[in-house]
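Secondary and tertiary structure notes
Single-letter residue listing:
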Amino acid sequence: MTRLKQQNEAMGGYHAENFRRRTRYTFIFLILIIAFFVICILNINTGNVHIPVSRMLDILIHKAGNHDEVNIVWKIRLPRILMSAMLGGALALAGFLLQTFFENPIAGPFVLGISSGAKMVVAIVMIFFLQQFGKISSWAMILAAFFGSLIATGFILIVSRTVKSMAALLVAGIMIGYICSAVTDFVVTFAQDSDIVNLHGWSQGSFSGMNWKNVYVAAAIVGITFLLTFMMSKPIGAFQLGEAYAQSMGVDVKKFRVLLILLSSLLSATVTAFAGPISFVGIAVPFLMKRALGTAKPLVIIPATFMGGAVFCMICDLIARMAFAPTELKISTVTSIFGAPIVIFMLVKRNKDRI
């Protein structure tokens, strides 16, 4: 009788804990969804031309109303909002994949120099295409950024095999970023003035100038990559518990690690190709989502990280547009202001936990 009572109490405790966990997940996801729609409205509503919410709905649903306002919403603001959401989510997800690969919470596309590698190759390709053909396609930019991401990641992999310290890996990533930036500056020195203007605007990091063609290309790449990542939730969860455990669960670790690198590089490349290098999102957002949800389960963290990155970048983009309007800040300036303190807090807390 006593054993049965203990079993019932244990089951009751398990169900109560499970209920609390699910309630917490639901609450966080609801906050993210509400924040997403609120920021969408604010981004459409605010700007040099103020559009009231009442007219905004007609414009969005029926494309009815003032011709100039319809063009502002559909040709300028809406593509920018969607791109900031998709690319922000992609960057946060890339950070999560890199952290899983290196088993290191400080790993991120910007800090490890991966974004700088992508920027370097894109700069070279952009200057060549502009000089030869006068234009460059979105696909060429993405392929160039992907190749640059792989180059930088390759150097990081070589370093990570000999250096296990988190601080040393961070320093190595920063050095790779400086080297790539130096090569970029060297290439720019020999570029034509018109090409430098185009490159300078892109390299500052911004979601401005987006169009529906950009949205379609980014949606295709980011959407497919997100689905592939989500489908890998189970092997990622096994890998988080160690390579030996992952192998015991039937995961081909070598192929799995290659796939992680390819997916994270593709996500980073897409962001860099369209918006330039953006800092700290890939580190700060996964950390915030894990803290908010109280779990590292990939099945929950992957969609939460993507949504969190989308909301984070949409908020930062709104601040970049409106803080000193009509002057627009670099998106990395704003993401650094909010992201860097989070990373510092993460490092301090991690150090205290070890003591």
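The preceding data block contains the structure.
Quick caveat: nothing in here was measured; it's all calculated off a predicted structure. (Residues numbered from 1 in each chain as written. Predicted model: local features only at pLDDT ≥ 70, side-chain atom pairs only at ≥ 80, totals over all residues. Heavy atoms only, no water.)

Across its full length, the protein carries 14 helices and zero strands. Reading the protein from its N end, one meets helices and strands in the order α-α-α-α-α-α-α-α-α-α-α-α-α-α. Counting only residues that meet the buried cut, the protein has 47% of its 355 residues in that class. Sequence separation of at least 24 residues holds for 77% of the intrachain contacts in the protein that already meet a minimum separation of 6. Split by element, the accessible area of the protein, about 18000 Å² in all, is 68% carbon and sulfur. (Helix = DSSP H or I, 4+ residues; strand = E, 2+ residues; numbered from the N terminus. Buried < 20%, exposed > 50% of the residue type's maximum accessible area, 1.4 Å probe, protein only. Contact = heavy atoms within 4.5 Å. Areas by Shrake-Rupley, 256 points an atom, 1.4 Å probe, with all protein chains shown as cover.)

Pairing between side chains of opposite charge can happen when the charged atoms of each approach one another. Taken as a whole and judged by the stated rule, the model has four salt bridges. Ionic pairing is found between R80 and E328, a salt bridge with its closest N-O pair at 2.7 Å. Of this pair, R80 sits in helix 3 (residues 67-102) while E328 is found in the loop between helix 13 (298-322) and helix 14 (331-354), placing the two residues 248 residues apart along the sequence. One salt bridge in this structure joins R257 and E243, with 3.2 Å as the shortest N-O distance. With R257 in helix 11 (residues 253-275) and E243 in helix 10 (residues 243-248), this residue pair connects regions lying 14 residues apart in the sequence. Counted as one network, the salt bridges with shared partners bring together R80, D317 and E328. (Salt bridge = Lys/Arg side-chain N within 4 Å of Asp/Glu carboxyl O.)

So, on to the packing of aromatic side chains. By the definition in use, this model includes nine aromatic pairs. A ring pair is formed by F110 and F280, whose centres lie 6.5 Å apart and whose planes are at 35 degrees; its orientation type is tilted. With F110 in the loop between helix 3 and helix 4 (114-132) and F280 in the loop between helix 11 and helix 12 (281-293), this pair connects stretches of sequence that are 170 residues apart. Taking relative accessible area as the criterion, F110 reaches 33% and is therefore assigned partly exposed. Residue classification places F280 among the partly exposed residues on the basis of a relative accessible area of 21%. (Phe/Tyr/Trp six-rings, centres within 6.5 Å; stacked < 30°, edge-to-face > 60°.)

So, on to helix 11. Taking 1.5 Å of rise per residue, the 23 residues of helix 11 would be expected to cover 33 Å, and the 33 Å separating its terminal C-alpha atoms lies within 8% of that figure. One or two positions beyond helix 11, positive phi appears at G276, with a value near 80 degrees. (Expected span 1.5 Å × (residues − 1).)

A word on the packing of helix 3 against helix 11. Between helix 3 and helix 11, the shortest axis-to-axis distance is 9 Å and the interhelical angle comes to 150 degrees. Relative to helix 11, helix 3 is oriented roughly antiparallel. The crossing of helix 3 and helix 11 is left-handed. Residues M83, L87, A90, L91, L93, A94, L97, L98, T100 and F101 of helix 3 touch helix 11, and the partners they reach there are R257, L260, I261, L263, S264, L267, S268, T270, V271, F274 and A275. Split into classes, the residues belonging to the contact of helix 3 with helix 11 amount to 16 nonpolar, four polar and one charged. (Axes fitted to C-alpha atoms, helices over the stretch in contact; angles between N-to-C directions. Parallel < 35°, antiparallel > 145°, perpendicular 65-115°, else oblique. Left-handed = near helix turned anticlockwise from the far one by under 90°. Nonpolar A, V, L, I, M, F, W, Y, C, P; charged D, E, K, R; others polar.)

A separate point is a nonpolar patch on the surface. Taken together, L30, I34, V38 and L42 make up a surface patch of nonpolar side chains, about 340 Å² in accessible area. Here I34 lies in helix 1 (residues 2-45). The exposure class of I34 is exposed, given its relative accessible area of 55%. (Patch = residues over 30% accessible without salt bridge, like charges linked within 9 Å, V, L, I, M, F, W, Y side chains within 5 Å.)

Right, let's get into the environment of T184. Within the secondary structure, T184 sits in helix 6 (residues 166-189). Since its relative accessible area comes to 5%, T184 is described here as buried. Note: C-alpha distance between T184 and I124 (60 residues apart in sequence) is 7.4 Å. For T184, the contacting residues outside a window of four places in its chain are K119, M120 and A123.

As for its position among the elements, N45 is in helix 1. Residues in contact with N45, not counting those within four places in the same chain, are H50, I51, P52, V53, M56 and R77.

Turning next to the state of the cysteines. Summed over the entire model, instances satisfying the criterion amount to zero disulfides. No disulfide involves C316; its nearest neighbouring cysteine sulfur is the one of C313, lying 6.1 Å away. (Disulfide = S-S within 2.5 Å.)

Between two packed helices, what matters for the description is the angle formed by their axes and the separation of those axes. Direction vectors running N to C along helix 3 and helix 13 enclose 135 degrees, while the axes themselves pass 7 Å from each other. Regarding the angle of helix 3 to helix 13, the classification is oblique. The interaxial crossing formed by helix 3 with helix 13 has right-handed handedness. Residues R80, I81, S84, A85, M86, G88, G89, A90, A92, L93 and F96 of helix 3 touch helix 13, and the partners they reach there are P298, I301, I302, T305, F306, G309, A310, C313, M314, D317 and R321.

This next bit is on helix 12. For helix 12, built from 13 residues, the straight-helix expectation of 18 Å at 1.5 Å per residue is met to within 8% by its first-to-last C-alpha distance of 18 Å. Listed as buried for helix 12 are V281, G282, I283, A284, V285, P286, F287, M289 and L293. Where helix 12 terminates, the next one or two residues include G294, which has phi positive at roughly 70 degrees.

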